[in-house]
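Reading the structure
What follows is each chain in one-letter form.
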Amino acid sequence: MDTSQLLKGVLDLAVLAVLDRADGYGYEVLRGLRAAGLEEVGDASVYGTLRRLYNAGLLTSYVVPSDEGPHRKYYSLNEPGRQRLRETAKVWRAFAETMEGLVGAA
């Protein structure tokens, strides 16, 4: 099954959840998503999601110098971001429970 459409619907939640564990720069967030099992998530999708969440006021950012190339822009959850994570996680759990009830016996 192609999960790209499913990913579009939950990428915000997934990115917020990764950043809830630790601050991270774009590629680090991407690696966290892939390590969690979302191997199909694309680079551009993650970077675009980070920008959108930042512009929505759900993330803060700071720059850290890197010895391996350009400086890295790290993102972290702020209080509005943590609130959105809690709200969205609650909605996700209810939705997942409903879907499991529908397809669990299939």
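Computed from a predicted model, the values in this text were never measured in an experiment.

Below, the discussion takes up the packing of helix H1 (residues 4–21) against helix H4 (residues 79–103). Contact pair H1 / H4: the axes reach a minimum separation of 10 Å and the direction vectors enclose 125°. Classified by the angle their axes make, H1 and H4 are oblique. As H1 runs across H4, the sense of the crossing is left-handed. Contacts between H1 and H4 involve Val10, Leu13, Leu16, Ala17 and Asp20 from the former and Gly81, Arg82, Arg84, Leu85, Thr88, Ala89 and Trp92 from the latter. Of the residues in the contact of H1 with H4, the class split is seven nonpolar, two polar and three charged.

Now for the sheet that holds strand E3 (residues 72–77). An order of E1-E3-E2 is seen for the three strands of this open sheet, with the pairing classed as antiparallel. Only two strands of the sheet have a single partner each, and these edge strands are strand E1 (24–25) and strand E2 (59–64). Where E2 and E3 come together, six bridges link them in antiparallel fashion. Its bridge partner being in E3, Val63 is matched across the sheet by Lys73.

A few words now on the nonpolar core. Membership of the largest hydrophobic core comes to 21 residues, with the highest contact counts inside it found for Val15, Leu19, Leu33 and Leu59. Those elements that place two or more of their residues in this core are H1, helix H2 (26–35), helix H3 (43–55), E3 and H4. For this core, the leading source of residues is H1, giving eight residues. For Leu19, the residues in contact, after removing those within four places along its chain, are Gly24, Val29, Leu50, Leu59, Tyr75 and Leu77.

Take H4 next. Note on helix geometry: an α-helix contains 3.6 residues per turn, so any two residues three or four positions apart are oriented the same way. Relative to the 36 Å expected for 25 residues at 1.5 Å per residue, H4 spans 36 Å between its end C-alpha atoms, a close match to the ideal helical length. Three or more residues of H4 are buried, namely Gly81, Leu85 and Ala89. On its buried face, H4 is in contact with H1 and E3. The backbone nitrogen of Gly81 lies 2.9 Å from a side-chain oxygen of the residue at the head of H4, namely Asn78.

Attention now goes to the pattern of salt bridges. Charged atoms that come close allow side chains of opposite charge to pair. All told, the structure shown has five salt bridges when counted by the stated rule. We note a salt bridge from Asp43 to Arg34, for which the minimum N-O separation is 3.2 Å. For Asp43, a relative accessible area of 37% corresponds to the partly exposed category. Among the residues examined, Arg34 registers a relative accessible area of 31% and is labelled partly exposed. When the shortest N-O distance is used, the salt bridge between Glu79 and Arg86 registers 3.1 Å. Judged by relative accessible area, Glu79 falls into the partly exposed class, the value being 43%. One salt-bridge network, in which partners are shared between bridges, spans Glu79, Arg82 and Arg86.

Each value, and the rule that gives it
Residues numbered from 1 in each chain as written. Predicted model: local features only at pLDDT ≥ 70, side-chain atom pairs only at ≥ 80, totals over all residues. Heavy atoms only, no water. Axes fitted to C-alpha atoms, helices over the stretch in contact; angles between N-to-C directions. Helix = DSSP H or I, 4+ residues; strand = E, 2+ residues; numbered from the N terminus. Parallel < 35°, antiparallel > 145°, perpendicular 65-115°, else oblique. Left-handed = near helix turned anticlockwise from the far one by under 90°. Contact = heavy atoms within 4.5 Å. Nonpolar A, V, L, I, M, F, W, Y, C, P; charged D, E, K, R; others polar. Pairing = 2+ DSSP bridges. Core = buried A, V, L, I, M, F, W, Y, C linked by side-chain atoms within 4.5 Å. Buried < 20%, exposed > 50% of the residue type's maximum accessible area, 1.4 Å probe, protein only. Expected span 1.5 Å × (residues − 1). Polar contact = N/O pair within 3.5 Å; in protein donor to acceptor, adjacent residues only side chain to side chain. Salt bridge = Lys/Arg side-chain N within 4 Å of Asp/Glu carboxyl O.

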